[in-house]
Amino acid sequence: MAEIVTAGELRDILTRYRRIAVVGLSNNPMRPSYGVARYLIGQGYEVAGVNPNLAGQTVLGLPVYATLADLPKPPEIVDVFRRSVFVPEVMEQAIAAGAKVVWTQLGVKDDGAAARGRAAGLVVVQNRCTAIEHGRLLRE
C-alpha cells in the first residue's frame with residue numbers, strides 16, 4: 001500500500017476510527033503530545049496514553065499505560081510521538097495489538113517500519129500531525 005497522502009484518505013481515517021493511542025504522551029502541557037491528546041479528546045475521540053515512564057499515572061484525566069499491549073481495548077490508530085529510531089518497536093507493538101493505522105507525527109518517519117506495517121495490513125501515515133489534519137479536513 002502506498003503512503004497515505006490525499007485529503008480524502010486522511011479524512012476517511014479520522015472519521016472511521018475513534019480509538020487513538022498516543023504513544024509518547026507527556027504530562028508536560030508544553031509538549032506537542034499533550035496538546036494533540038487534549039485536542040483529540042475535545043473532538044470526541046477515545047484517547048489512551050502510552051508512556052512507560054508515566055505508566056500508572058494519569059494525564060489529562062486518562063490512565064497512562066506502559067505499552068500498547070497493556071491497553072484495555074485495542075487501539076484503532078496509534079499516534080506516535082517518539083523519535084524515528086523508536087518507530088520500528090512501536091510498529092511491532094501496533095501490529096501485535098491489532099491496530100488499523102500507525103500515524104507518526106511531524107518529523108517522525110521510518111520507511112522500513114512503514115513497509116513492515118503495510119505488509120502486515122496496517123495503514124501508515126508518516127510525518128503528519130493528527131490535530132492539524134483534523135482541523136484542516138474536518139472542522140468547518
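Predicted, not measured: the structure shown is a model, and the values here were computed from it.

A. Structural view of the pattern of salt bridges. Counting across every chain of the model gives six salt bridges. Residues Arg116 and Glu92 are paired through a salt bridge, measuring 2.9 Å at the closest nitrogen-oxygen approach. With Arg116 in helix 4 (residues 111-119) and Glu92 in helix 3 (residues 87-97), this residue pair connects regions lying 24 residues apart in the sequence. Residues Lys109 and Asp111 are paired through a salt bridge, measuring 3.9 Å at the closest nitrogen-oxygen approach. Members of the salt-bridge network, linked through shared partners, are Arg128, Glu133 and Arg136.

B. Representation of the sheet that holds strand 6 (residues 101-104) within the structure. Taking strand neighbours across the sheet as the criterion, the seven strands line up as 3-4-2-1-5-6-7 in an open arrangement whose pairing is mixed. In the strand order of this sheet, the two ends are held by strand 3 (58-59) and strand 7 (123-125), each with one partner. Bridging between strand 1 (residues 19-23) and strand 5 (residues 77-80) involves four bridges; their strand directions are parallel. Among the inter-strand pairings, Val23 is bridged to a residue of strand 5, identified as Val80. Contacts from helix 3 reach strand 1, strand 5, strand 6 and strand 7, with the element oriented near 165 degrees to strand 5.

C. Examining the nonpolar core more closely. Of all hydrophobic cores here, the largest spans 27 residues; its most connected members are Ile13, Val22, Leu40, Val47, Ile77, Val101 and Trp103. Excluding residues within four positions of it along the chain, Leu40 makes contact with Ile20, Tyr45, Val47, Asp79 and Thr130. By size, the runner-up hydrophobic cluster in this structure holds 20 residues, among which are Val23, Ala99, Val108 and Ala113.

D. Quick peek at unusual backbone geometry. A positive phi angle is found at Leu60, which is not glycine, with a value near 55 degrees. Mapped onto the fold, Leu60 is located in the loop between strand 3 and strand 4 (62-65).

E. Geometry of the packing of aromatic side chains. Counted under the stated rule, the structure contains zero aromatic pairs. In this structure, Arg82 is placed above the aromatic ring of Phe86, and the distance from its NZ or CZ to the ring centre is 3.8 Å.

F. A look at the packing of helix 2 (residues 32-42) against helix 5 (residues 130-138). Where helix 2 contacts helix 5, the axes come no closer than 9 Å and their chain directions differ by 40 degrees. Our classification of the angle between helix 2 and helix 5 gives oblique. In this structure, helix 2 uses Val36, Tyr39 and Leu40 to contact helix 5, whose residues at the interface are Thr130, Ala131, His134 and Gly135. Residues of the contact of helix 2 with helix 5, tallied by class, amount to four nonpolar, three polar and no charged.

G. How the structure looks around the pairing of strand 5. The side-chain alternation of strand 5 yields two buried faces, one formed by Ile77 and Asp79 and the other by Val78 and Val80. One ladder, built from four bridges, connects strand 5 with strand 6; its direction is parallel. Residue Asp79 lies in a different strand from strand 6, and its bridge partner there is Trp103. Where the polypeptide runs from strand 5 across helix 3 and back to strand 6, its parallel neighbour, the crossover connection is right-handed.

H. Summary view of the packing of helix 3 against helix 4. Remark: helix 3 packs on helix 4, axes separated minimally by 9 Å, with the N-to-C direction vectors making an angle of 10 degrees. By the criterion of interaxial angle, the relationship of helix 3 to helix 4 is roughly parallel. Where helix 3 approaches helix 4, its residues Val87, Pro88, Met91, Glu92 and Ile95 are matched on the opposing element by Ala113, Ala114, Arg116 and Gly117. Split by residue class, the contact of helix 3 with helix 4 holds six nonpolar, one polar and two charged.

Calculation criteria
- Residues numbered from 1 in each chain as written.
- Predicted model: local features only at pLDDT ≥ 70, side-chain atom pairs only at ≥ 80, totals over all residues.
- Heavy atoms only, no water.
- Salt bridge = Lys/Arg side-chain N within 4 Å of Asp/Glu carboxyl O.
- Helix = DSSP H or I, 4+ residues; strand = E, 2+ residues; numbered from the N terminus.
- Pairing = 2+ DSSP bridges.
- Contact = heavy atoms within 4.5 Å.
- Axes fitted to C-alpha atoms, helices over the stretch in contact; angles between N-to-C directions.
- Core = buried A, V, L, I, M, F, W, Y, C linked by side-chain atoms within 4.5 Å.
- Buried < 20%, exposed > 50% of the residue type's maximum accessible area, 1.4 Å probe, protein only.
- Phe/Tyr/Trp six-rings, centres within 6.5 Å; stacked < 30°, edge-to-face > 60°.
- Lys NZ or Arg CZ within 6 Å of the ring centre and 35° of its normal.
- Parallel < 35°, antiparallel > 145°, perpendicular 65-115°, else oblique.
- Nonpolar A, V, L, I, M, F, W, Y, C, P; charged D, E, K, R; others polar.
- Right-handed = clockwise from strand over helix to strand, strands pointing away.

Any functional reading would require information that these geometric values do not contain.
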